[in-house]
Amino acid sequence: MFFNRRKRYNGDVATLLPAFGIDMEEAGVFKLLNVLDIAWAQKYSIYEAALLVAYSFAGGLYQNGLVERADALVKDKLLPIQKDWIKKGIVRPELVAPWPEKLAQRAAVARG
């Protein structure tokens, strides 16, 4: 029973990722599963988990020097979707509020 719930959770999160322009193969399936392990353990909703994946993906882009691509993802997809989901009440604002600042710190390091 547990594995079926977890499998469905992972699948439900995966269906949200194209909204961010994230391809699971490019993101790395095992890296994605590691992020989902955290989200599952912390009892994040599928929307919160999708945001966590998007932030993690953007952080990886910054870490790999793909600053312009990461900036575009954050500006055009991540922040507008986060704002919309908070407005709809499907994401806890207190949970996701610190994430943009942490990502901005990674962006600053990437910019040197």
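Counting from 1, residues in each chain are numbered in the order their sequence is written. Note on the predicted model: pLDDT of at least 70 is required for a residue's local features to be given, and 80 or more for side-chain atom pairs to be given and counted; whole-chain, interface and lining totals, by contrast, use all residues. Excluding hydrogens and water, the side-chain figures rest on all heavy atoms present in the structure.

## Some details on the packing of helix H3 (residues 29-41) against helix H4 (residues 46-63)
Here is step 1: Across the interface, H3 lies against H4 with an axial gap of 9 Å and an inter-helix angle of 135°. It follows from the interaxial angle that H3 and H4 lie oblique. Between H3 and H4 lies a crossing of right-handed hand. Contact residues: H3 offers Leu32, Val35, Leu36, Ile38 and Ala39, while H4 offers Ala49, Leu52, Val53 and Ser56.
Here is step 2: Amino acid classes used here: Ala, Val, Leu, Ile, Met, Phe, Trp, Tyr, Cys and Pro are nonpolar; Asp, Glu, Lys and Arg are charged; the rest, including Gly, are polar. Its residues assigned to classes, the contact of H3 with H4 comprises eight nonpolar, one polar and no charged. Simply put, an axis is a line fit to the C-alpha atoms, just over the touching stretch for a helix, and the angle between two N-to-C directions goes from 0 to 180 degrees. Helix and strand definitions here come from DSSP, where helices need a minimum of 4 consecutive H or I residues and strands a minimum of 2 consecutive E residues; each element is numbered from the N-terminal end. Under this scheme an angle from 65 to 115 degrees is roughly perpendicular, one under 35 degrees roughly parallel, and one over 145 degrees roughly antiparallel; angles in between are oblique. Here is the rule for handedness: rotate from the far helix to the near one, and if that takes an anticlockwise turn smaller than a right angle the crossing is left-handed, while a clockwise turn gives right-handed. Residues count as neighbours in contact if any of their non-hydrogen atoms are within 4.5 Å of one another.

## Focus on the side chain of Glu48
Here is step 1: Note that Glu48 resides in helix H4.
Here is step 2: Taking the relative accessible area as the measure of exposure, Glu48 reaches 3% and is therefore buried.
Here is step 3: In protein, a polar contact means a hydrogen-donor-capable atom and an acceptor-capable atom, both N or O and within 3.5 Å, with residues adjacent in sequence counting only if both atoms are side-chain atoms; elsewhere, any N or O pair within 3.5 Å suffices. Looking at Glu48, its side chain comes within polar contact range of the side chain of Arg92, at 2.8 Å.
Here is step 4: In contact with Glu48, not counting residues within four places along its chain, are Lys43, Val91, Arg92, Leu95 and Trp99. The classification of residues rests on relative accessible area computed with a 1.4 Å probe and restricted to protein chains. Under 20% of the type maximum is buried, over 50% is exposed, and intermediate values are partly exposed.

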